[in-house]
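Spelled out from the first residue to the last, the chains are:
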Amino acid sequence: MTTKKEWGTSLAPLIESILPLVEQPAQYLGGEYNSQKKDWHSLKARVAFLFPDTYEIGMSHLGLRILYQVVNERDGFAMERSFVPKPDLENLLREKGLPLFTWESYLDVQEFDIIAFTLQYEMSYTNILNMLDLAGLPLLAKERGDDMPPVIAGGLGAFNPEPLTDFVDLFCLGESENQLIELLALWVKVKEAGGGKSAWLKEAMQIQGVYVPSFYRVSYDCVGNIVAIEAKDAAPAVIEKAVIKDLDSAPYPTCSMVPFTKVVHDRITLEVMRGCSRGCRFCQAGILYRPVREKKISTLVGQTRKLTKNTGYDEIGLISLSTADYSQVGPLIDRLLDEHSQNGVGVSLPSLRVDAFSVALAEKVQKVRKSGLTFAPEAGSQRLRDIINKGLTEEDILKAVGAAFQQGWTSLKLYFMIGLPEETQEDLAGMADLIEKILSVAKRAKPKWVKKPIAISVSVATFVPKPHTPFQWQGQNSREQVQKKQQYLRERLRPLRQVKFSCHDMNLSFIEAVFSRGDRRLGKVLLEAWRLGCKMDAWSEHFRYDLWLKAFANCGLDPVWYSERNIDELAMLPWEHISSGVDKKWFWQEWQKAQKGELTEDCRSGKCTGCGVCQKLDVGIDLAKEGL
Amino acid sequence: MSVIRFSFAIEGRLRFLSHLDLQKMFNMAIQRAALPIAYSQGFNPHPQLALGPAHAVGVASVAEYADMELIKDFSPEGFLKTLQPALPQGIRLLSARALTEKTPALMASINCAVYVVKVNGLEKTILEAKVAELLAQTELLWQRKSPKGIKTVDLRPGIFEMKVLAANSLFLELRIGNTGNIKPDEVIRALNIENLAIEIIERTGLYIRDEQGNKREP
């Protein structure tokens, strides 16, 4: 079935003929309420947005919805979506010689002008390769001719883009609402002047936050340390992220798509603010989304009104990195409930701070039905919580737990991390002790009228050092260490029958750490892993650790060197030329303070901690004011 | 308080929605349209919308039915005008009427479904011979596979009528509803014709059928 078809013709009849053969075909339909389909031939720039995971995950991603509306509300521009087909559909597509298609018009992905990916987590990278392959495109950027669409990528992962530089032509750093439109406008301009992809890439480097890796040369010493990153031609030596200064006037998808099938976040997504300046030292998102910018209550009330009307959802999820920190969170919830609860529309808070204030907020929004609460103390001992700058005392935690169980909650989820820098056996014992204390406080606080038994689930992740954090220089624990620590906790918690203990797959965290702090040389490992059959690595049933190890061996690279080594202060980092606006010196200073267990205050309190983002990017903290 | 019975078509790609997806889609569309739907009493109130017999995933239709209870009087014309813009492309409202007297529920009364099945082209005479052969049998045992296992069912009593419309098109009148469903694809496959592939199935009617074989629309 390789007959040449006319450019821009829908593959609908062919795809529809195989849909009866797959599980849950409804996830592949497109055509959701508020989805957009434009007349192909009248367009000047067409973007295919490829989410490197399945539909149910991709449709829960706010960035996709924002960019979808930003592009589609402009004349002449269009964005269509594509997601990872599940293995049954992928096999059928390959068998019938059909390419990856977009959900809106069932168009061949490679016919679009620009192909855009979002990088949400390292373990989706093999999916990027697989999607390009399904689209019928050469995987390596250098093997794609000037007539083939540029492949671009944004999202958090773009802040260490190096492992993907063999495959991606251009990266978008930071917030892309305006940047993407500039890139599309430039595409139209270059095309009209008779230019192609290479001309566009060269000019695109002038746009804030745009990184074109082919204009940079990286050199290594004999051990594999980077000795130089050189910019060629007019490429900027350091690329600063793009940032939206005022969220109130920024575009927001109030005409949001409504999936037919169940997706992970099946509700209205209301972003109340961007950024978090609590300064947890392991947290990458807390750095990359700086500074904190809140929306006004009036903006949020207006957006909610449109969203409820345009979607029909009965739940408004208040989204941000830490919604309880939104300075007007109480009044906002009151306003939203006043207006919408009579129509059966409720409010939900996906992430909670561990304190009594947050429990009171949860009580406000879950008066009748109490679903579970989630707390993330992250570390078990006070010493280690101070090292990571969690700014949370045992008293805070136990008070919050007491308040929650007193008010009738019975199930609690706790998130912890093991393998944090400076962690000792005492810290692990501290974690088990804390969980025991939490359980006994819960038992004491639970009123007699509550019949449901207490259920505490403890989920323990392995620390993965992330670029652009104070812990970026620190190696990950070895797999043997992690295994011992998991074993210790499992045994300590076994006698507690109300506590369910689970931990993340350490092999997955290991590979994640390799790519998190990886360099350009990992491109060949990624390619080899995909060739060997790795894909959908974030899905435990598909993750093939054995194949990953084989890929590293075949490429002659040692994954342990990447994951476990402590990087020297003066060493050049693979992401040295990528800037989040936060000074490298500040990260190092934070690491020094961490070792002494010194806390750094949240800059919202008024004291600048000198991270440098506001000065460098000419932005400021923007807090909502009372009554507005 | 009023109950509106309406009919609608499922067109294009939306034929791949499941019955549950369809239910969810209508509930959300009703909210978008701000229709004053009634809710059930109880701890977990749910909207009073009752769809007729499920269409199988992949089956298009020009004859689906649903009942909706509203807390205010609503004209059928006003209802259609309010709901249609809130529906995705591929769900087309056909008609609506207010149920005045007590009417049996759709699920309790509909017992007959009519389908037109498009197959890949064959000799019309061969097809006709096979159909005649099938109809001549008094019993037609069929292994029905489901996630729960294999069950043997007799298809024959549930085939009310079957005829060949053209070399690539068949007409089927089958039993549906509380007394048991006969699926059109099962009947086609029971013809036992090698290389016969179903291209598309469309439900063209749902009826209340009496013992004499007289049909009326719900």
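No experiment lies behind these values; they were computed from the predicted model shown.

A look at the overall build of chain A
Phase 1 of the analysis: Assigned secondary structure in chain A consists of 21 helices and 19 strands.
Phase 2 of the analysis: A compact globule built from 628 residues would reach a C-alpha radius of gyration of about 25 Å, and chain A, at 25 Å, matches this within 12%.
Phase 3 of the analysis: For chain A, the spread of C-alpha atoms along the three principal axes comes to 70 × 65 × 50 Å.
Phase 4 of the analysis: Across the 628 residues of chain A, 48% fall into the buried class.
Phase 5 of the analysis: Taking the contacts inside chain A whose residues are at least 6 apart along the sequence as the reference set, 77% of them involve residues at least 24 apart.

Some remarks on the overall build of chain B
Phase 1 of the analysis: Helix and strand counts for chain B stand at five helices and eleven strands.
Phase 2 of the analysis: Computed over C-alpha atoms, the radius of gyration of chain B comes to 19 Å, within 12% of the 17 Å expected from 2.2 N^0.38 for 218 residues, which places it in the range of a compact globule.
Phase 3 of the analysis: Reported as C-alpha extents along the three principal axes, the dimensions of chain B are approximately 55 × 35 × 30 Å.
Phase 4 of the analysis: Each of the 218 residues in chain B was classed as buried or not, and the buried ones make up 29%.
Phase 5 of the analysis: For chain B, contacts bridging at least 24 residues in sequence account for 71% of all contacts bridging at least 6.

Overview of helix H5 (residues 125–134) of chain A
All names here are of chain A.
Phase 1 of the analysis: Summarising burial for H5: nine of the ten residues are buried, a large majority.
Phase 2 of the analysis: Of all the residues in H5, the buried ones are Tyr 125, Thr 126, Asn 127, Ile 128, Leu 129, Asn 130, Met 131, Leu 132 and Leu 134.
Phase 3 of the analysis: Looking one or two residues beyond H5, the residue adopting positive phi is Gly 136, at roughly 85°.

Observations concerning the nonpolar core
Residues and elements named next belong to chain A.
Phase 1 of the analysis: Judged by nonpolar contacts, the single largest core of 222 residues is most densely connected at Val 47, Phe 49, Val 71 and Ala 116.
Phase 2 of the analysis: Here this core gets seven residues from one element, more than from any other, and that element is helix H14 (residues 425–445).
Phase 3 of the analysis: Beyond its immediate sequence surroundings of up to four residues, Ala 116 is in contact with Val 47, Ala 48, Phe 49, Leu 50, Ile 152 and Ala 153.

A word on the sheet that holds strand E16 (residues 411–418) of chain A
Residues and elements named next belong to chain A.
Phase 1 of the analysis: Read across the sheet, four strands follow the order E15-E16-E17-E18 without closing on themselves; strand pairing throughout is parallel. Looking at which strands have only one partner, the edges of the open sheet turn out to be strand E15 (373–378) and strand E18 (499–503). Averaged over all neighbouring strand pairs, the angle between strand axes comes to 20°, with direction disregarded.
Phase 2 of the analysis: Pairing geometry for E16 and strand E17 (residues 455–462), over eight bridges, is parallel. The residue bridging Ser 411 from the neighbouring strand is Ala 455, located in E17.

Remarks on the domain arrangement of chain B
All names here are of chain B.
Phase 1 of the analysis: Considered domain by domain, chain B is made up of domain 1 (2–107) and domain 2 (110–216).
Phase 2 of the analysis: Between domain 1 and domain 2, the C-alpha centre-to-centre distance is 27 Å.
Phase 3 of the analysis: Listed by partner, the interface residues are twelve residues for domain 1 and 13 residues for domain 2.
Phase 4 of the analysis: Broken down by secondary-structure element, the contributors of at least two residues to the side of domain 1 that touches domain 2 are strand E3 (60–70) and helix H3 (106–109).
Phase 5 of the analysis: For the side of domain 1 that touches domain 2, the leading source of residues is E3, giving five residues.
Phase 6 of the analysis: A breakdown of the residues in the side of domain 1 that touches domain 2 according to their chemical character gives nine nonpolar, three polar and no charged.

Things to note about the domain arrangement of chain A
Phase 1 of the analysis: By domain assignment, chain A separates into domain 1 (12–240) and domain 2 (368–464 + 475–511).
Phase 2 of the analysis: Once you take the C-alpha centre of each, domain 1 of chain A and domain 2 of chain A turn out to be 39 Å apart.

So, the environment of A:Trp530
Residue and element names in this part refer to chain A.
Phase 1 of the analysis: Checked against the element boundaries, Trp 530 lands in helix H17 (residues 522–532).
Phase 2 of the analysis: For Trp 530, a count of 22 C-beta atoms within 10 Å corresponds to the buried category.
Phase 3 of the analysis: The sequence separation of Trp 530 and Ser 351 amounts to 179 residues, and the corresponding C-alpha distance is 35 Å.
Phase 4 of the analysis: If we ignore the near neighbours within four places in the chain, the residues touching Trp 530 are Thr 126, Leu 129, Asn 130 and Lys 535.

Considerations on the sheet that holds strand E10 (residues 268–271) of chain A
Residues and elements named next belong to chain A.
Phase 1 of the analysis: A sheet is described by the order of its strands in space; here three strands give the open sequence E10-E13-E14, paired in parallel fashion. Of all the strands in the sheet, just E10 and strand E14 (346–348) have a single pairing partner and so form its edges. Taking the axes of each pair of neighbouring strands and ignoring which way they run, one obtains an average angle of 30° across the sheet.
Phase 2 of the analysis: Across four bridges, the pairing between E10 and strand E13 (residues 315–319) is parallel. Along E13, the bridge assignment pairs Ile 268 with Ile 316.
Phase 3 of the analysis: Helix H9 (residues 297–311) rests against E10 and E13 of the sheet, and its axis sits at about 165° to E10.

Concerning the packing of helix H11 (residues 356–365) of chain A against helix H13 (residues 394–406) of chain A
All names here are of chain A.
Phase 1 of the analysis: Packing of H11 against H13 leaves a shortest axis separation of 8 Å and a crossing angle of 25°. Here H11 lies roughly parallel to H13, going by the angle between them. The hand of the H11/H13 crossing is right-handed. Each of Ala 356, Ser 358 and Val 359 in H11 lies in contact with H13, whose residues at this interface are Lys 399, Ala 400, Ala 403 and Ala 404.
Phase 2 of the analysis: Partitioned by chemical class, the residues of the contact of H11 with H13 number five nonpolar, one polar and one charged.

Considering the pairing of E13(A)
Regular strands place side chains that alternate from one sheet face to the opposite one.
Residues and elements named next belong to chain A.
Phase 1 of the analysis: E13 sits mainly inside the fold: four of its five residues count as buried.
Phase 2 of the analysis: Direction of pairing for E13 relative to E14: parallel, over a ladder of three bridges. Bridging from a neighbouring strand, Glu 315 pairs with Gly 346 of E14.
Phase 3 of the analysis: The parallel pair E13 and E14, bridged by helix H10 (residues 329–340), forms a crossover whose chirality is right-handed.

Things to note about the packing of H14(A) against helix H15 (residues 479–493) of chain A
Residues and elements named next belong to chain A.
Phase 1 of the analysis: At a minimum axis distance of 10 Å, the contact between H14 and H15 shows a crossing angle of 30°. The angle between H14 and H15 places the two elements in the roughly parallel class. The two elements H14 and H15 cross, and the hand of that crossing is right-handed. Two secondary-structure elements touch here, H14 through Leu 428, Met 431, Ala 432 and Ile 435 and H15 through Lys 485, Tyr 488, Leu 489, Arg 492 and Leu 493.
Phase 2 of the analysis: Residues of the contact of H14 with H15, tallied by class, amount to seven nonpolar, no polar and two charged.

Points about helix H3 (residues 62–72) of chain A
All names here are of chain A.
Phase 1 of the analysis: In terms of burial, H3 is largely enclosed, as eight of its eleven residues are buried.
Phase 2 of the analysis: Inspection of H3 places Leu 64, Ile 66, Leu 67, Tyr 68, Gln 69, Val 70, Val 71 and Asn 72 among the buried residues, and these make up the whole buried set.
Phase 3 of the analysis: The secondary structure elements touched by the buried residues of H3 are strand E1 (45–51), helix H2 (55–58), strand E2 (77–83), strand E3 (114–118) and helix H6 (177–192).

Comments concerning the environment of A:Val84
Residue and element names in this part refer to chain A.
Phase 1 of the analysis: Relative to the elements of secondary structure, Val 84 occurs in the loop between E2 and helix H4 (87–96).
Phase 2 of the analysis: A residue is classified by how many C-beta atoms lie within 10 Å of it, and Val 84, with 25 of them, is buried.
Phase 3 of the analysis: Separated by 63 residues in sequence, Val 84 and Asp 147 have C-alpha atoms that sit 25 Å apart.
Phase 4 of the analysis: Contacts of Val 84, omitting those with residues within four sequence positions, involve Pro 52, Asp 53, Thr 54, Asn 127, Met 131 and Met 536.

Overview of unusual backbone geometry
Residues and elements named next belong to chain A.
Phase 1 of the analysis: Of the consecutive residues Arg 290 and Pro 291, the connecting peptide bond is found in the cis state with omega at -10°.
Phase 2 of the analysis: Positive phi, normally seen in glycine, also occurs at Gln 24, with a value near 40°.
Phase 3 of the analysis: In this structure, Gln 24 sits in the loop between helix H1 (12–18) and E1.
Phase 4 of the analysis: Despite not being glycine, Met 536 has its phi angle at roughly 45°, a positive value.
Phase 5 of the analysis: Of note, Met 536 is situated in the loop between H17 and helix H18 (545–555).
Phase 6 of the analysis: Taking the C-beta count within 10 Å as the criterion, Met 536 has 22 such neighbours and is therefore assigned buried.

The rules behind these values
- Numbering of residues starts from 1 in every chain and runs along the sequence as written.
- For this description, chains carry letters from A and ligands carry numbers from 1, given in the order in which they are written.
- Two thresholds apply to this predicted model, a pLDDT of at least 70 for residue-level local features and 80 or more for giving and counting side-chain atom pairs, whereas whole-chain, interface and lining totals are computed over all residues.
- Working definition: helices are DSSP H or I runs of at least four residues, strands are E runs of at least two. Numbering for both runs from the N terminus.
- For the radius of gyration, the atoms used are the C-alpha atoms, and the globule rule reads 2.2 Å times the number of residues raised to 0.38.
- Here a residue counts as buried when 20 or more other C-beta atoms fall within 10 Å of its C-beta, as exposed when 12 or fewer do, and as partly exposed in between; the C-beta atoms come from the backbone.
- Once C-beta atoms have been placed from the backbone, residue pairs whose C-beta atoms lie within 7 Å are recorded as contacts.
- A set of buried residues qualifies as a nonpolar core if it consists of Ala, Val, Leu, Ile, Met, Phe, Trp, Tyr and Cys joined through C-beta atoms within 7 Å.
- Two strands qualify as a pair provided that DSSP identifies no fewer than 2 bridges between them.
- Only C-alpha atoms enter the line fits that serve as axes; for helices the fit covers just the stretch in contact. Angles between N-to-C directions range over 0 to 180 degrees.
- All the domain ranges listed were derived from an automatic or database domain assignment.
- Residue polarity is assigned by list, with Asp, Glu, Lys and Arg as charged and Ala, Val, Leu, Ile, Met, Phe, Trp, Tyr, Cys and Pro as nonpolar; anything else, Gly included, falls into the polar class.
- For classification purposes, an angle smaller than 35 degrees is called roughly parallel, one larger than 145 roughly antiparallel, one from 65 to 115 roughly perpendicular, and anything else oblique.
- When the near helix sits turned anticlockwise from the far one by under a right angle, the crossing is termed left-handed; a clockwise turn instead gives a right-handed crossing.
- The handedness rule is simple: strands pointing away from the viewer, and a clockwise path from the first strand over the helix to the second, make the crossover right-handed.

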